[in-house]
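Summary of the model geometry
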Amino acid sequence: MRPAVDRPLLLLALAFGAGLLLPHHPPTAVARGFLPLLAVVPLVAVRGGILPLAVLAALYLGAGALVGPAADAAWSGAEAGPCARHLREAELPPPGTTTSHLELEGRVRGNPAIGSEWARVRLEVEKARIPGQDWRATRGLRVELGLPSALAPLPGDRLRAFAKLDDPPPSTPRARRDLAERRRQGVACVGRVEADRVGVVDEATGWWAAIERARRDLARRARAALAAPDAAALVPALMVGDRSGVQPKLRDAFADSGLAHVLSVSGLHLSLCVLGLYRILLALFRWTLGAWIDIHRWAALAALPFAPLYAAFTGAQPPVLRAAVGAALFLLAQALARQSDGWTSLAVAFLGVVAFDPPSLFTASFQLSFAACAGLLGLGPSLRKLIPRPPRGTTSARILGHLLGALEATLAATLATLPLLALHFQRVSLTSLPANVVAVPIALAATALAALAGAAGLIAPIAFEPLLFLAGKATELLAALARFFAALPGARLFLPLPSLGVGAAFLGLLLALALYARRPRAALAMALASSLALGAAWLAPRPDPVLRIDFLPVGQGDATLLRLPSGEAVLVDTGGGLRDAPDRADLDLLPLLAERGVGRLRALVISHLHPDHVGSAPGLLSRIPVDEVWFTGRALEGRLGAPIAEAIATRGIPLRRFAAGSPAIEVGGVVFEFLGPPDVGGAKDEPLFGDNDASLVLRVRHDAIAVLLPGDVEAEGERALLESGADLRAHLLKAPHHGSRTSSSEAFLDAVRPDHAIFCVGWRNAF
């Protein structure tokens, strides 16, 4: 890598990004006036040497601090948070013990995020009122409004809606990321339209709205023309960035196989389309005007407008914006007969995106996109040196060249993004390398065909459906490959959140790999030091062994994690949605386990077959190793039990039945006593009990401390526990049946006499 003075924009981009991370942020309006000046000054200072560059870096550091988003993303309670403050200022009722029901009117900012059923809209509220009362002007109130996808407005539309507003707590890793993103975007409240009562009172007329109309129209026509479900879902995603038709199972297959980046329009897609157009124009000009014009310059100038146009037409997400800037710089270099530089292009893209939208720096998509590009630039040369290649000019070199190039690029991007995957999603796919090598060429073909179909839909309708047909076949093959690689062992491994020491040591290994291409000895020394640091971080003494109990925040449901003194873990119930909600293991439960460093369970305990207790069990059992499953003996069948039984049988997990009278067992230094359900005739079940009263009741003892986990027992179950004569005393009680009035009788509480009680309930639950 050339010295920093030869790539000043790279240093300035790093300084600006570091400034965005500083905790103190004065008003942003003051700083934006300086940004044009900061964009021009480096052109004058490139030849000035190290000292002027250092001064410029300090200026960029300060500029980043000025335009940075709010640093405080903490949740201070619904009654005291920004939602409540904004509503109180407007003399409107804030959320407290209940949500705020208001009529809102305001402008839609940015593109709505449209899913298969629901859409999320960022609304700049201009006035609000209690229904039937006078309007109140609001100042700076931004709301993230949820509404049915079919009612999604256009950017710039003025909406009027009846909505309930809230400021929910960030309980899971995903919820914490969402809260931090909302805070950085200045969004104060989360809202949901009530009874579809929403309408557009003033339609947007700008160019952004026109592009969004065209995007949605093309996606609608594509879905109508494609019969195969996979094609109807994926072609609009690749053509115009519309992923609303991609169902959760298909999305999970792409995530598990390491092909999730293929689903969203990214730099790969833009580079293929825009630079592919440049190649086509180059060939066309060579054949027609090559004798009269500089074909490289004019082909580059002709293709240049399509970079921002493609980015806008596919949703203008950070990865696409980054690629648009990079492609535009390459084309400008061709037009000016200059040599383009990858690191400088990446730095300009970074500065352009974060100066326009500072909060994007903190999003997972932005970080993963730029980390992948940095990995390609920094690690690629070393990987090419380390991976042997056949001699040039040979048949094997021609056959294996592209394959090895794809392998090196995928490996570089995977290594560079691994820390971020652990930080944001706590998972990695071991099938990512082979999946990308095999599937990315097909994805490129599908993307090219989808882009051509989109262009035909706008300017040559006669070619629209034939190109859609070809794109559909390519996406069907792509979906089949994603499902195949997702089904292989190791397709999804959950990673614990990396500690500071582990993260620093891994970054040291990456820097050593990047250094290897130019200074092998220094790289080996750095790799050895980083490996020793990594080993020391892993082997560092752990805290004194104790029993740790986490009542996991899985909403309206139960999931109790027991981390035993031995280092093993037992999970009692898994939580899950109510009624017909999908399995939420991937969204809530598994990330909660991963951030606690739990990647294997000594036992999964199933108290009873209700969705709020076992709805996430199938996903859990299929994702992480479980040594055995404990349950009451009631048949694992029906809508809830059958998927659990199938997952247990598929992975060969032993089943153990327990009930009142089963001998206590010791696991990892903790004693588990089984107090219910009553064991009638050795069936480990009371057939006259309902599911709640037949819950598996555990009394967990460690040293002098006892914890009672009674599932959802109600009056009959509590009476049976009292009549059994079992010792029910416990220091900590999980309130039976979520604190329902059917449970926690006076006699039962007198027998337990807990010092503390835990109620497992969902935020704003309907009970």
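Data block above holds the structure.
In this text, all values refer to a predicted model and were calculated from it rather than measured experimentally.

1. Digging into the sheet that holds strand 12 (residues 603-605)
Spatial strand order, 9-10-11-12-13-14: six strands in an open sheet with mixed pairing. Here the strands that pair on one side only, and so sit at the sheet edges, are strand 9 (548-551) and strand 14 (655-657). Between one strand axis and the next, the sheet turns by 20° as a mean value, whatever way the strands run. As paired elements, strand 13 (residues 629-631) and strand 14 share three bridges and run parallel to each other. Across the sheet, W630 pairs through a bridge with R656, a residue of strand 14.

2. Topic: empty space enclosed by the protein
It is a probe the size of a water molecule, rolled over the atoms, that shows where empty space is left. If you walk through the whole model with that rule in mind, you get two cavities of 30 Å³ or more. If you add up the space inside the largest cavity, you get close to 50 Å³. Lining the largest cavity, in full, are D558, T560, V572, D573, L696, L709, G711 and K734. When grouped by side-chain class, the residues that make up the lining of the largest cavity number three nonpolar, two polar and three charged.

3. Regarding unusual backbone geometry
Look at the link from G676 to P677: it is a cis peptide, with omega at 5°. Topologically, P677 is positioned in the loop between strand 16 (670-676) and strand 17 (697-702). Even without being a glycine, E91 presents a positive backbone phi close to 60°. Take E91: it is sitting in the loop between helix 5 (82-89) and strand 1 (100-108). In this structure, D703 takes a positive phi of about 55° despite not being glycine.

4. As for the packing of aromatic side chains
Per the counting criterion, the structure on display carries 11 aromatic pairs. Note on W630 and F658: the rings are 5.4 Å apart at their centroids and 65° apart in plane angle, and the pair reads as edge-to-face. Remark: F658 occurs in the loop between strand 14 and strand 15 (665-667) and W630 occurs in strand 13; sequence separation between them is 28 residues. W630 sits in the buried class, given a relative accessible area of 0%. By way of ring pairs, the aromatic residues W630, F658, F672 and F674 are connected into one cluster. Lying over the aromatic face of F162, R197 brings its terminal NZ or CZ to 3.7 Å of the ring centre. Looking at R221, its charged tip hangs above the ring of F464, at a distance of 4.5 Å from the centre.

5. Things to note about the state of the cysteines
On inspection of all chains with the given rule, the structure shows one disulfide. Two residues, C83 and C189, share a disulfide whose sulfurs are 2.0 Å apart. Residues C83 and C189 are joined by a disulfide whose S-S torsion is about 105°; by sign, that bridge is right-handed. Here the residue C83 occupies a position in helix 5, and C189 occupies one in strand 6 (residues 189-202), the gap between them amounting to 106 residues. Like C189, C83 is buried.

6. Re the packing of helix 9 (residues 248-256) against helix 19 (residues 464-486)
Their axes nearest at 8 Å, the elements helix 9 and helix 19 cross at an angle of 65°. Where helix 9 crosses over helix 19, the handedness of that crossing is left-handed. Counted together, L250, A253, F254 and D256 of helix 9 and L478, A479, A482, R483 and A486 of helix 19 form the full contact between these two elements. Its residues assigned to classes, the contact of helix 9 with helix 19 shows seven nonpolar, no polar and two charged.

7. Considerations on the nonpolar core
Looking at soluble globular proteins, one finds that nonpolar side chains tend to be buried together. Counting 31 residues, the largest nonpolar core has L552, L593, L601, L620, L621 and I644 as its most contacted members. For this core, the secondary-structure elements that each account for two or more residues are strand 11 (569-572), helix 22 (585-594), helix 24 (617-623), strand 13 and helix 25 (638-651). Here the element with the most residues in this core is helix 22; it accounts for six residues. If we ignore the near neighbours within four places in the chain, the residues touching L620 are L571, T574, A585, L589, L590, L593, L601 and L604. Counting 25 residues, the second largest nonpolar core, distinct from the first, contains A15, A63, A355 and F370.

8. Some points on the pattern of salt bridges
The final tally for this structure, using the stated rule, is 34 salt bridges. The closest approach of N and O atoms between D550 and R563, which form a salt bridge, is 2.7 Å. Taken as a pair, D550 in strand 9 and R563 in strand 10 (residues 560-563) lie far apart in primary sequence, 13 residues in all. Residue D550 is classed as buried on the basis of its relative accessible area, which comes to 16%. Between D586 and R623 there is a salt bridge whose closest N-O contact spans 3.2 Å.

The rules behind these values
Residues numbered from 1 in each chain as written. Predicted model: local features only at pLDDT ≥ 70, side-chain atom pairs only at ≥ 80, totals over all residues. Heavy atoms only, no water. Pairing = 2+ DSSP bridges. Helix = DSSP H or I, 4+ residues; strand = E, 2+ residues; numbered from the N terminus. Axes fitted to C-alpha atoms, helices over the stretch in contact; angles between N-to-C directions. 1 Å grid on protein atoms, 1.4 Å probe; cavity = no way out; pocket = protein on both sides within 12 Å on 5 of 7 lines; lining within 4 Å. Points joined across faces, edges and corners; volume = space filled by probe spheres on them. Nonpolar A, V, L, I, M, F, W, Y, C, P; charged D, E, K, R; others polar. Phe/Tyr/Trp six-rings, centres within 6.5 Å; stacked < 30°, edge-to-face > 60°. Buried < 20%, exposed > 50% of the residue type's maximum accessible area, 1.4 Å probe, protein only. Lys NZ or Arg CZ within 6 Å of the ring centre and 35° of its normal. Disulfide = S-S within 2.5 Å. Left-handed = near helix turned anticlockwise from the far one by under 90°. Contact = heavy atoms within 4.5 Å. Core = buried A, V, L, I, M, F, W, Y, C linked by side-chain atoms within 4.5 Å. Salt bridge = Lys/Arg side-chain N within 4 Å of Asp/Glu carboxyl O.

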